[in-house]
Amino acid sequence: REDFESSGIPFEQHVKHDHNMWKYLWFMVYLSEKDPTEFTGVEQFCQQAVAQQELRWLPIKAAKVLSKITDKYDLYSVYHKLLALQQGLGQAEERLKGEVRRTDGRLRERLAASTRRLRDEAAQLRDQLQRRLNKGPERP
(Lines give C-alpha, C1' and ligand atoms only; values in the text may rest on other atoms or scores of the structure.)
Protein backbone atom coordinates (compact mmCIF):
# COMPACT_ATOMS: atom_id res chain seq x y z
CA ARG A 1 0.00 0.00 0.00
CA GLU A 2 2.72 2.48 0.95
CA ASP A 3 4.53 1.87 -2.38
CA PHE A 4 1.40 2.90 -4.27
CA GLU A 5 0.69 5.90 -2.10
CA SER A 6 4.27 7.14 -2.33
CA SER A 7 4.03 6.77 -6.13
CA GLY A 8 0.79 8.76 -6.26
CA ILE A 9 -1.39 5.80 -7.26
CA PRO A 10 -4.45 5.15 -5.07
CA PHE A 11 -4.18 1.61 -3.69
CA GLU A 12 -7.94 1.12 -3.96
CA GLN A 13 -7.77 1.87 -7.68
CA HIS A 14 -4.99 -0.69 -8.05
CA VAL A 15 -6.96 -3.36 -6.17
CA LYS A 16 -10.15 -2.63 -8.11
CA HIS A 17 -8.64 -2.47 -11.61
CA ASP A 18 -5.22 -4.16 -11.69
CA HIS A 19 -5.49 -6.87 -9.06
CA ASN A 20 -9.16 -7.51 -8.60
CA MET A 21 -9.57 -10.35 -6.05
CA TRP A 22 -12.58 -11.75 -7.94
CA LYS A 23 -10.41 -12.31 -11.01
CA TYR A 24 -8.01 -14.37 -8.90
CA LEU A 25 -10.89 -16.39 -7.49
CA TRP A 26 -12.23 -16.94 -11.02
CA PHE A 27 -8.74 -18.10 -12.12
CA MET A 28 -8.60 -20.61 -9.23
CA VAL A 29 -12.03 -21.99 -10.22
CA TYR A 30 -10.94 -22.13 -13.86
CA LEU A 31 -7.85 -24.15 -12.90
CA SER A 32 -9.84 -26.54 -10.72
CA GLU A 33 -12.22 -27.30 -13.62
CA LYS A 34 -9.61 -27.54 -16.38
CA ASP A 35 -8.09 -30.89 -17.37
CA PRO A 36 -4.57 -30.86 -15.80
CA THR A 37 -3.12 -32.50 -18.93
CA GLU A 38 -4.04 -29.33 -20.84
CA PHE A 39 -2.38 -26.84 -18.43
CA THR A 40 0.12 -24.36 -19.80
CA GLY A 41 3.36 -23.98 -17.85
CA VAL A 42 2.02 -20.98 -15.94
CA GLU A 43 -1.28 -22.70 -15.18
CA GLN A 44 0.55 -25.77 -13.89
CA PHE A 45 2.76 -23.63 -11.65
CA CYS A 46 -0.26 -21.75 -10.26
CA GLN A 47 -2.31 -24.93 -9.73
CA GLN A 48 0.53 -26.57 -7.79
CA ALA A 49 0.91 -23.48 -5.60
CA VAL A 50 -2.84 -23.33 -4.92
CA ALA A 51 -2.92 -27.07 -4.11
CA GLN A 52 -0.05 -26.58 -1.63
CA GLN A 53 -1.76 -23.49 -0.20
CA GLU A 54 1.22 -21.32 -1.15
CA LEU A 55 0.95 -17.70 -2.17
CA ARG A 56 3.98 -17.66 -4.48
CA TRP A 57 1.75 -17.45 -7.56
CA LEU A 58 0.25 -14.14 -6.44
CA PRO A 59 1.98 -10.87 -7.33
CA ILE A 60 2.68 -9.74 -3.77
CA LYS A 61 4.65 -6.47 -3.64
CA ALA A 62 4.77 -6.52 -7.45
CA ALA A 63 2.75 -4.56 -9.97
CA LYS A 64 3.33 -3.50 -13.56
CA VAL A 65 2.25 0.02 -12.67
CA LEU A 66 4.98 0.28 -10.01
CA SER A 67 7.63 -1.27 -12.25
CA LYS A 68 6.84 1.29 -14.97
CA ILE A 69 7.27 4.12 -12.46
CA THR A 70 10.45 2.55 -11.12
CA ASP A 71 11.78 2.07 -14.65
CA LYS A 72 10.99 5.70 -15.44
CA TYR A 73 12.87 6.90 -12.38
CA ASP A 74 15.67 4.48 -13.09
CA LEU A 75 16.02 5.88 -16.61
CA TYR A 76 15.92 9.40 -15.18
CA SER A 77 18.67 8.60 -12.67
CA VAL A 78 20.74 6.78 -15.32
CA TYR A 79 20.41 9.84 -17.58
CA HIS A 80 21.62 12.16 -14.82
CA LYS A 81 24.45 9.82 -13.92
CA LEU A 82 25.51 9.81 -17.57
CA LEU A 83 25.41 13.61 -17.62
CA ALA A 84 27.58 13.73 -14.51
CA LEU A 85 30.02 11.27 -16.07
CA GLN A 86 30.10 13.33 -19.25
CA GLN A 87 30.92 16.45 -17.26
CA GLY A 88 33.60 14.57 -15.34
CA LEU A 89 35.11 13.33 -18.60
CA GLY A 90 35.08 16.86 -19.98
CA GLN A 91 36.93 18.13 -16.92
CA ALA A 92 39.41 15.26 -17.12
CA GLU A 93 39.97 16.03 -20.80
CA GLU A 94 40.73 19.67 -19.97
CA ARG A 95 43.17 18.64 -17.23
CA LEU A 96 44.90 16.27 -19.66
CA LYS A 97 45.14 18.96 -22.32
CA GLY A 98 46.77 21.27 -19.77
CA GLU A 99 49.20 18.55 -18.73
CA VAL A 100 50.04 17.85 -22.38
CA ARG A 101 50.73 21.56 -22.94
CA ARG A 102 52.96 21.72 -19.87
CA THR A 103 54.76 18.50 -20.83
CA ASP A 104 55.14 19.73 -24.42
CA GLY A 105 56.68 22.96 -23.14
CA ARG A 106 59.12 21.09 -20.88
CA LEU A 107 60.07 18.74 -23.72
CA ARG A 108 60.70 21.68 -26.06
CA GLU A 109 62.91 23.32 -23.42
CA ARG A 110 64.89 20.11 -22.91
CA LEU A 111 65.25 19.61 -26.64
CA ALA A 112 66.47 23.19 -27.10
CA ALA A 113 68.98 22.78 -24.24
CA SER A 114 70.22 19.47 -25.67
CA THR A 115 70.54 21.04 -29.11
CA ARG A 116 72.55 23.97 -27.68
CA ARG A 117 74.80 21.56 -25.76
CA LEU A 118 75.40 19.45 -28.87
CA ARG A 119 76.18 22.57 -30.94
CA ASP A 120 78.67 23.71 -28.28
CA GLU A 121 80.31 20.26 -28.19
CA ALA A 122 80.43 20.14 -32.00
CA ALA A 123 82.03 23.62 -32.05
CA GLN A 124 84.63 22.52 -29.49
CA LEU A 125 85.44 19.40 -31.50
CA ARG A 126 85.69 21.46 -34.68
CA ASP A 127 88.03 23.93 -32.96
CA GLN A 128 90.21 21.09 -31.61
CA LEU A 129 90.34 19.49 -35.03
CA GLN A 130 91.20 22.85 -36.64
CA ARG A 131 94.02 23.42 -34.14
CA ARG A 132 95.44 19.99 -34.85
CA LEU A 133 95.24 20.54 -38.58
CA ASN A 134 96.87 24.00 -38.30
CA LYS A 135 99.59 22.66 -36.05
CA GLY A 136 100.71 20.22 -38.66
CA PRO A 137 102.16 16.80 -38.19
CA GLU A 138 104.13 16.18 -35.05
CA ARG A 139 107.83 15.65 -35.49
CA PRO A 140 109.81 13.20 -33.46
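As a starting point, this report considers the structure included with it. Keep in mind it's a predicted model, so treat the numbers as computed, not measured.

With that settled, consider helix α4 (residues 41-51). Every buried residue belonging to α4 is among E43, C46 and A49, and all of these are buried. Taken down its axis, α4 places every buried residue within 130 degrees of arc, on the same side. In α4, those exposed residues whose orientation departs by more than 90 degrees from the buried face are G41 and A51. Where α4 is buried, its residues touch α3 (21-33). Where α4 ends, the next residue or the one after it, Q53, has phi of about 55 degrees, a positive value.

What follows deals with the packing of aromatic side chains. A complete count under the given rule lists two aromatic pairs for this structure. When the centroid spacing of 5.4 Å and the interplanar angle of 10 degrees are considered together, the rings of W26 and Y30 count as stacked. Within this pair, W26 and its partner Y30 are both found in helix α3, separated by four residues, close to a single helical turn. On the basis of relative accessible area, W26 is assigned to the exposed category, the value being 57%. Geometrically, the ring pair formed by F27 and Y30 is stacked, given 6.2 Å between the ring centres and 25 degrees between the ring planes. With F27 and Y30 both in helix α3 and three residues apart, this pair spans about one turn of that helix. Assessed through its relative accessible area of 30%, Y30 is described here as partly exposed. The structure contains a cluster of three or more aromatic residues connected by ring pairs, namely W26, F27 and Y30.

Here is what the cut-offs are and how they apply
Residues numbered from 1 in each chain as written. Predicted model: local features only at pLDDT ≥ 70, side-chain atom pairs only at ≥ 80, totals over all residues. Heavy atoms only, no water. Buried < 20%, exposed > 50% of the residue type's maximum accessible area, 1.4 Å probe, protein only. Helix = DSSP H or I, 4+ residues; strand = E, 2+ residues; numbered from the N terminus. Arc of directions from axis to C-beta. Contact = heavy atoms within 4.5 Å. Phe/Tyr/Trp six-rings, centres within 6.5 Å; stacked < 30°, edge-to-face > 60°.

These figures capture arrangement, not role.
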